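# Observations on the three-dimensional arrangement
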Amino acid sequence: MGQTAQQVLSDAPTTHQRLRDWVAEVAQLTQPDRVYWVDGSEQEYAVLTDELVAAGTLKRLNPELFPNSFAAFSDPKDVARVEEQTFICSAKEGDAGFTNNWMEPSEMKTKLNDLFAGSMRGRTMYVIPFVMGHLEAKDPKFGVEITDSAYVVASMRIMAQIGTDVLRKIEELDAFFVPALHSVGAPLEPGEQDVPWPCNEEKWIVHFPEERSIYSYGSGYGGNALLGKKCYALRIASVMARDEGWLAEHMLILKLTSPEQKSYYLAAAFPSACGKTNLALLDPTIDGWKVETLGDDITWMRFDDEGRLRAVNPEAGLFGVAPGTGWDTNPNAMRAISKGNSIFTNCALTDDGGVWWEGMTHETPAHLTDWQGNSWTPEMDHPAAHPNARFCTPINQIDMLAPEYHEPDGVPLSAIFFGGRRKTTIPLVTQSRDWSHGIFMGSTLSSETTAAAAGELGRLRRDPMAMLPFIGYDAGDYLKHWVKLSSAVDAEKLPKIFLVNWFRRTPDGGFAWPGFGDNSRVVKWAIERIEGKAEAVDTPIGFVPTADSLDLDGLEISTEQVDAALKVDALEWAEEAESIDEWYRRFGGSLPEELLSELEGLKSRLG
Ligand code: OXD
Ligand code: MN
C-alpha cells in the first residue's frame, strides 16, 4: 500500500527541512508500508521487542538469568562484516586508496537506486535520529539511520543515544546529520510470510565520503547494519577527522590508578576479535592497581589547547565478541551482561532459557541448542555458538565504568598501545623509540585474521592502526594525517607508544604469556616506563622489558615462556623488515617520508 510523499511529510514530527525531504525521498524510493519515527523510549523498546518476539526474530531469555534480554539467530550467510562488499566511493579513485574497494560514485548511486527501489515493500521504515558521542559536545556528531529492521532499531538503542532528544537538538542547532540508509533487501509481497532473519544474498556497504553518507543493503549483521558504529564512527568519522583536525580510531580506552593513587589514561588499538573488550574490562592480577574503563572499540581523539591528546568513546554500548568472554577471563563483562537489557546474536541457548558460548563457563553444559537451532552436546565437533557471536549490552551496566566516560571533552592520554595477534616475531611489549617510531609501529601492525570478518581465518595481514577495514580514505594520507597532526604539538606531551602481542607462542606451540588479567603486568611496565622507573633493553626494534623489570609476582610462568615472550630474534626480524618493505610498496607514493625513514632506521639498526 505505502504512504504518499504528502502523508509522509505531514506525519513527520520534525521541522528540519533537510531531514523531512530525505525521509520523504527514501520512502518514495523504498515503498514501505509505513514510516515510523523512533522516539528512543523504554516503552517503544518494549513494543518493538514484543513484535520481534512474535515475528520469531528474537527469543525472550529467562528473566531470572538475563532480565529484559533476547537472543537472535541470523541467517547462516549473514554472520560477519563483508569487507569485499564494503566500498568507499570518493569522487576520485586515488582518494579511496589501495585498502578500499572503490566504484565511481554516480555508477554506484545508480546501482544503489536500483537495489533500494521497492526494497522496503511490506515492511515498516524506521527513522532513527542518533548522536555519536555526547549530545552536549561542542560539536555533536549527528546521524539519522533509516532502516526496515526493528532488530537494528533495538540494537541502535543500546549502542547510541537515539530518539526525540537527539532530534530536538538537531533542530535546535539546525545541524548537519549523516544520512545512513539501511535495508535488509527483502521486500514482502502481499500475504507473503516473513522469515525470522530477512536479508539478501547480495550485500553492499557503501560510503560516500565527500557527502558523508552511508548506504547498507542486504545484511542485518551489526557491523554492517548498525550504521553509527563502523560505518559512521570509523569510516565517515575518519574523513571528518582528517578535514577537521582530529582522529577517529579503532581503540579502547582505559583508566589506570597506581597504588600511589596516580591515574593515567591509555588507548589501545587491536584488530577485530583480538581481545579489545577483554583488555578494556581488565581485572588486574597485581596488587594495588585499579582499572576502570571508558570504551572498548572506538575512540575519537583530539589535541586540546594545552597540546594534550584527549580521547572520548562515541558509543553507548558494547557489541562484543561472545566466545572467549567468560567468568574466568572477563568477569567484568559477564557481570555487565548478566544485568540484562541485552541482545545476543548467534549464541547457543541453554535448556533453562539462557545463552551460552564457548569459554563462558568452565564446564560445558551437557545439552544446548546451537546457534542454528539444532540440539547440541559437547561431543559434537562444531562449536555451539558462532565464533563471531555477539552480545550487545549498554555500557552503563559496567560496574568499572570510569565516571569520565560521561565527560564530553574526554580524558588526556598518557599512552597508546598497538597490538596484533602474532604467533612469532613480535615481543610481548616494545616501547617505541619516540612518537614517529610509534606511528611506524602502528602503520606496520599485523595480525592473523579472525571471524569478525567473512573470509579465511588465521592468515597474516597488515592492519595499520587496526584500521584496515575502517579507514575512509587513502591509507597513506591517513598516516600523513597522524604525522602532521602531532607535528605542531610539544613532543613531551605526546602519549608514549607501545607495541604489544599477547599471542606469541613458545617453541612447543603453547602461549608464551597467560594474557587476560595478567596483561595488567604489561600495563604496569608501560606506566613505569612513562614515569622513568622501569628498566628496558634498547634493542633495534625499540625498548623491550628486561625479564626483571616485569612484575611477575604470583604468576606461574617458566623462564622459557618469559624468554619466548620477550625475545627479539634477528632472523625473524630480518623477515619482518622484508615484509614491511613489501607492505610499504603497496602504498605507491602516498606514504609519509617520515615512515620510510623509520623503516630505513630499523633496517640499519638490524644491520
Ligand atoms: C567489531 C569489529 O565488531 O571490529 O568491533 O568487527
Ligand atoms: Mn571493532
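Presented here is an overview of the structure given in this document. (Residues numbered from 1 in each chain as written. Chains lettered and ligands numbered in written order. Predicted model: local features only at pLDDT ≥ 70, side-chain atom pairs only at ≥ 80, totals over all residues. Heavy atoms only, no water.)

A few words on the sheet that holds strand S21 (residues 368–369). Pairing is antiparallel in the open sheet, where four strands are placed in the order S20-S19-S21-S22. At either margin of the open sheet sits one strand with a lone partner, and together these are strand S20 (355–356) and strand S22 (375–376). (Pairing = 2+ DSSP bridges. Helix = DSSP H or I, 4+ residues; strand = E, 2+ residues; numbered from the N terminus.)

Take the nonpolar core next. If you look at the biggest cluster of nonpolar residues, it comprises 98 residues, and the most contacted ones within it are Trp-300, Met-301, Ile-416, Phe-418, Trp-482 and Tyr-584. Top element by residues in this core is helix H8 (residues 228–244). It accounts for nine residues. Non-local contacts of Trp-300, meaning those with residues more than four positions away in its chain, are made with Met-132, Lys-141, Ala-233, Ala-237, Trp-246, Leu-247, Ala-248, Arg-310, Ala-311, Val-312 and Pro-314. By size, the runner-up hydrophobic cluster in this structure holds 67 residues, among which are Phe-344, Met-360, Val-523 and Leu-566. (Core = buried A, V, L, I, M, F, W, Y, C linked by side-chain atoms within 4.5 Å. Buried < 20%, exposed > 50% of the residue type's maximum accessible area, 1.4 Å probe, protein only. Contact = heavy atoms within 4.5 Å.)

Below, the discussion takes up the site of ligand 1. In the vicinity of ligand 1, the contacting residues are Arg-81, Lys-230, His-250, Ser-272, Asp-297, Phe-319, Arg-390, Ala-452 and Phe-470. One nitrogen or oxygen atom from the side chain of Arg-81 is found 2.9 Å from an oxygen atom belonging to ligand 1. Here an oxygen atom of ligand 1 sits 2.8 Å away from a polar atom, N or O, in the side chain of Arg-390. Starting from 210 Å² of accessible surface for ligand 1 in isolation, the protein chains cover 95%. The class makeup of the residues in the shell around ligand 1 is three nonpolar, two polar and four charged. (Near = heavy atom within 4 Å. Polar contact = N/O pair within 3.5 Å; in protein donor to acceptor, adjacent residues only side chain to side chain. Areas by Shrake-Rupley, 256 points an atom, 1.4 Å probe, with all protein chains shown as cover. Nonpolar A, V, L, I, M, F, W, Y, C, P; charged D, E, K, R; others polar.)

A few words now on the coordination of the manganese ion (ligand 2). At this site the manganese ion (ligand 2) is bound by Lys-230 (NZ), His-250 (NE2) and Asp-297 (OD), with donor distances of 2.2 Å. Read in sequence order, the donor residues for the manganese ion (ligand 2) give the motif K-x19-H-x46-D. Taken together, the residues span a long stretch of sequence, with Lys-230 in helix H8 and His-250 in the loop between strand S11 (247–249) and strand S12 (251–257) at a distance of 20 residues. (Donors = N, O, S within 2.8 Å, 3.2 Å for Na, K, Ca; no water.)

For the structure on display, the rule yields 40 salt bridges. Across the pair Lys-524 and Asp-551 runs a salt bridge whose closest N-O atoms are separated by 2.7 Å. One end of the pair, Lys-524, is in helix H13 (residues 519–530); the other, Asp-551, is in the loop between strand S31 (542–545) and helix H14 (559–566), with 27 residues separating them in the sequence. For the pair Lys-524 and Asp-551, one class covers both residues: buried. Salt bridges here are not isolated pairs; linked through shared partners, they connect Lys-229, Lys-230, Lys-276, Asp-297 and Glu-315. (Salt bridge = Lys/Arg side-chain N within 4 Å of Asp/Glu carboxyl O.)

Our focus in this paragraph is H14. What H14 keeps buried is the set Val-562, Ala-564, Ala-565 and Leu-566. Tucked into the core, H14 has its buried residues touching S31.

Close contact between helix H3 (residues 42–55) and helix H5 (residues 150–159) brings their axes to 10 Å; oriented N to C, the two are set at 145°. By crossing handedness, the relation of H3 to H5 is classed as left-handed. Within the contact between the two elements, H3 uses Glu-42, Tyr-45, Leu-48, Thr-49 and Leu-52 and H5 uses Ala-150, Tyr-151, Val-153, Ala-154, Arg-157 and Ile-158. Of the residues assigned to the contact of H3 with H5, the class counts are eight nonpolar, one polar and two charged. (Axes fitted to C-alpha atoms, helices over the stretch in contact; angles between N-to-C directions. Left-handed = near helix turned anticlockwise from the far one by under 90°.)

A few words on the pairing of strand S16 (residues 309–312). On a regular strand, one side chain projects to one face of the sheet and the next to the other, so that they alternate. The side-chain alternation of S16 yields two buried faces, one formed by Leu-309 and Ala-311 and the other by Arg-310 and Val-312. Linkage of strand S15 (residues 299–303) to S16, two consecutive antiparallel strands, is achieved through a turn of five residues, within which Gly-307 is found at a positive phi near 85°. The sheet contact formed by S16 and strand S24 (residues 411–412) spans two bridges and is antiparallel. The residue of S24 that forms the bridge with Arg-310 is Pro-412.

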